[in-house]
Amino acid sequence: MSELLNIKDLHVSVAENEILHGVNLVVNPGETHVIMGPNGAGKSTLGYSIMGNPNYEVGKGSIFFKGEDITDEETADRAKAGIFLSFQNPIEVPGISLSNFIRNAVDTKTGTRARLWDFRKSLEKQMALLNMDKSYADRDLNVGFSGGEKKKAEILQMLMMKPDLAILDETDSGLDVDAVRTVSDGVKAFHENGDGALIIITHSTRILEALKVDYTHILVDGKIVETGDASLVDEINANGFEKYTN
């Protein structure tokens, strides 16, 4: 199986402060990787670095995606190549509807203009999966959305764009039990309807309950200090990170 993502000795700084100190990570198509760790460990920094956020400066190391070195690629080019990143706190974008935002993103990724009828039919199908009222499609992106609806909107974008690699950064943060279950169903649908890979960055593990986790990584002080299977999630739930921080 060819590697989808290969991160080699990645060192990343923010405002000249190095956050990641030599991260190595390999993700293959269809795999689900979970990144866990205490606050300030560098989990979100890793996600932003894979996506190419310009505020995160790579000082050393490399990021390969589908065999190509994307270390210096722009964020837009990484998105076109098939990388998707959800945000902890999705921003509001007045003036563009959720539907138009997603349609433009899909068209940019595929390089073709989707037929409106086909697009709306697919959009409504995915919104139904996420228990989203169809009226949200015509509302300004995230404007006036509750926290749960913003997270659902991001999962909707992921389902419509069908990326090769989806990075979910604290997607379950601040959600009630019902919203977590709905978001989990969307993530599960993404996982089951193709060979897209997932990197799930999380403190809580509720979103993982319906998923098959292939690898769990513990990130502490900018380094991956332990890698295991799904049982490592259970260990952290039971004992916390003290074993890895002392």
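For clarity, every value in this text was computed on a predicted model and none was experimentally measured.

A separate point is the packing of aromatic side chains. Under the definition given, this model contains 2 aromatic pairs. When the ring of Tyr48 is compared with that of Tyr56, the centres are 5.1 Å apart and the planes differ by 20°; the resulting orientation is stacked. Sitting above the plane of the Phe64 ring, Lys8 keeps its charged end 4.9 Å from the centroid.

This part takes up the environment of Asp172. Residue placement: Asp172 occurs in the loop between strand E9 (165–169) and helix H6 (177–192). In this structure Asp172 comes out as buried when scored by relative accessible area, which is 2%. Distance from Asp172 to Leu46, taken between C-alpha atoms, is 18 Å for residues 126 residues apart in sequence.

In this model, the largest pocket occupies a volume close to 640 Å³. Forming the walls of the largest pocket are 27 residues, and the residues nearest its centre are Ala79, Leu85, Phe87, Phe101 and Gln157. Among the secondary structure elements, those contributing two or more residues to the lining of the largest pocket are helix H1 (43–51), helix H2 (75–81), strand E6 (83–85), helix H3 (98–110) and helix H5 (147–161). Looking at the lining of the largest pocket element by element, the count peaks at 5 residues for H3.

Between side chains of opposite charge, a pair can form as their charged atoms come close. On inspection of all chains with the given rule, the structure shows 8 salt bridges. Among the salt bridges present, the one from Glu92 reaches Lys150, with a minimum N-O distance of 3.5 Å. Taken as a pair, Glu92 in the loop between E6 and strand E7 (93–97) and Lys150 in helix H5 lie far apart in primary sequence, 58 residues in all. Assessed through its relative accessible area of 16%, Lys150 is described here as buried. Taking the shortest distance from any N to any O, the salt bridge between Asp138 and Arg120 comes out at 3.3 Å. With Asp138 in the loop between helix H4 (116–129) and strand E8 (140–141) and Arg120 in helix H4, this pair connects stretches of sequence that are 18 residues apart. On the accessibility criterion, Asp138 (52% relative accessible area) is exposed. For Arg120, a relative accessible area of 22% puts it in the partly exposed group.

Before going further, it helps to examine the sheet that holds strand E1 (residues 5–14). In a beta sheet, neighbouring strands are held together by backbone hydrogen bonds and run either parallel or antiparallel to one another. Overall, antiparallel pairing links the 4 strands, which are arranged E2-E1-E4-E5 in an open sheet. Of all the strands in the sheet, the pair left with one neighbour each is strand E2 (17–27) and strand E5 (68–69). Pairing analysis gives 2 bridges linking strand E4 (residues 57–65) to E5, with the strands arranged antiparallel. Residue pairing in the sheet places Phe64 in a bridge with Asp69 of E5.

Taken together, the side chains of Glu68, Asp69, Asp72, Glu73, Glu74 and Asp77 define an acidic patch exposed on the protein surface. Within the element layout of this structure, Glu68 appears in strand E5.

Turning to the side chain of Ser44, a few remarks are in order. Tracing the sequence through the fold places Ser44 in helix H1. For Ser44, a relative accessible area of 19% translates into the label buried. Within polar-contact distance, the side chain of Ser44 engages the side chain of Asp169 at 2.9 Å. When neighbours within four sequence positions are excluded, Ser44 is seen to be in contact with Gln88 and Asp169.

Time to look at the side chain of Ser184. Mapped onto the elements of the fold, Ser184 is located in helix H6. Judged by its relative accessible area of 5%, Ser184 falls in the buried class.

Here H4 is 14 residues long and its end C-alpha atoms lie 20 Å apart, about the 20 Å a rise of 1.5 Å per residue gives. Every buried residue of H4 is accounted for by Phe119, Leu123, Gln126 and Met127. Along H4, the residues classed as buried sweep out an arc of 105° about the axis, all on the same side. Among the exposed residues of H4, those pointing more than 90 degrees away from its buried face are Trp117, Lys121, Lys125 and Ala128. Its buried side turned inward, H4 meets H3 and H5. In the segment just after H4, Asn131 is the residue with positive phi, at about 55°.

All right, on to the packing of H5 against H6 then. Contact geometry of H5 with H6 gives a least axis separation of 10 Å together with a crossing angle of 10°. Of the possible angle classes, the one that applies to H5 and H6 is roughly parallel. Residues Lys152, Ile155, Met158 and Leu159 of H5 touch H6, and the partners they reach there are Thr182, Val183, Gly186, Val187, Ala189 and Phe190. Its residues assigned to classes, the contact of H5 with H6 comprises 7 nonpolar, 2 polar and 1 charged.

Cut-off values and rules
- Residues numbered from 1 in each chain as written.
- Predicted model: local features only at pLDDT ≥ 70, side-chain atom pairs only at ≥ 80, totals over all residues.
- Heavy atoms only, no water.
- Phe/Tyr/Trp six-rings, centres within 6.5 Å; stacked < 30°, edge-to-face > 60°.
- Lys NZ or Arg CZ within 6 Å of the ring centre and 35° of its normal.
- Helix = DSSP H or I, 4+ residues; strand = E, 2+ residues; numbered from the N terminus.
- Buried < 20%, exposed > 50% of the residue type's maximum accessible area, 1.4 Å probe, protein only.
- 1 Å grid on protein atoms, 1.4 Å probe; cavity = no way out; pocket = protein on both sides within 12 Å on 5 of 7 lines; lining within 4 Å.
- Points joined across faces, edges and corners; volume = space filled by probe spheres on them.
- Salt bridge = Lys/Arg side-chain N within 4 Å of Asp/Glu carboxyl O.
- Pairing = 2+ DSSP bridges.
- Patch = residues over 30% accessible without salt bridge, like charges linked within 9 Å, V, L, I, M, F, W, Y side chains within 5 Å.
- Areas by Shrake-Rupley, 256 points an atom, 1.4 Å probe, with all protein chains shown as cover.
- Lys, Arg positive; Asp, Glu negative; His and termini not counted.
- Charge placed at Lys NZ, Arg CZ, Asp CG, Glu CD.
- Polar contact = N/O pair within 3.5 Å; in protein donor to acceptor, adjacent residues only side chain to side chain.
- Contact = heavy atoms within 4.5 Å.
- Expected span 1.5 Å × (residues − 1).
- Arc of directions from axis to C-beta.
- Axes fitted to C-alpha atoms, helices over the stretch in contact; angles between N-to-C directions.
- Parallel < 35°, antiparallel > 145°, perpendicular 65-115°, else oblique.
- Nonpolar A, V, L, I, M, F, W, Y, C, P; charged D, E, K, R; others polar.

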